[in-house]
Amino acid sequence: QVQVVESGGGSVQPGGSLSLTCAASGTFFSIDYMAWYRQSPGKQREFVAGIVANKNANYGDAVTGRFTISKDSAKNTAYLQVNSLQPEDTAVYYCAIKSKTWAGSSHDSWGRGTQVTVSS
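Residues numbered from 1 in each chain as written. Predicted model: local features only at pLDDT ≥ 70, side-chain atom pairs only at ≥ 80, totals over all residues. Heavy atoms only, no water.

(A) View of the overall build of the protein. From N to C terminus, the protein includes 0 helices and 11 strands. Helices and strands appear in the protein in the N-to-C order β-β-β-β-β-β-β-β-β-β-β. Expected size for 120 residues packed as a compact globule is a radius of gyration near 14 Å; at 14 Å, the protein falls within 12% of this value. A principal-axis box enclosing the C-alpha atoms of the protein has dimensions of 50 × 25 × 20 Å. The buried share of the protein, reckoned over its 120 residues, is 38%. In the protein, once contacts between residues fewer than 6 apart in sequence are set aside, the share between residues at least 24 apart is 54%. (Helix = DSSP H or I, 4+ residues; strand = E, 2+ residues; numbered from the N terminus. Rg over C-alpha atoms; globule rule 2.2 N^0.38 Å. Buried < 20%, exposed > 50% of the residue type's maximum accessible area, 1.4 Å probe, protein only. Contact = heavy atoms within 4.5 Å.)

(B) Spatial organisation of the nonpolar core. Cys22, Trp36, Val48, Phe67, Leu80, Tyr93 and Ile97 are the most contacted members of the largest nonpolar core, which totals 27 residues. Every residue in contact with Phe67, bar those within four places of it in the chain, is listed here: Arg38, Val48, Tyr59, Leu80, Gln81, Val82, Asn83, Leu85, Asp89 and Tyr93. (Core = buried A, V, L, I, M, F, W, Y, C linked by side-chain atoms within 4.5 Å.)

Here's what the structure looks like:
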């Protein structure tokens, strides 16, 4: 079983920054992919950024150039640096991971999210 916990959300003014953390723990053979999604009230969940084991990253169009994803494989932790925040970035930010069990099967796990609020 894999547990995913997000932290680092908060309230900031437009133009501000936050550092979000996603920590994975539990029993698994490997973590192959870690990603951030976000969801605002009344909207569908949106892909924000993802990073694979070799640290290649990809980003959603709305955040490219402002957000940076990174990971510490030794700590099974991913980070999301969010800069130049705007009110439209207000959402619950979720971390999702794709892990592999010792038996070789793939498993998806989600955290409960961390709230990011951007307002003046």
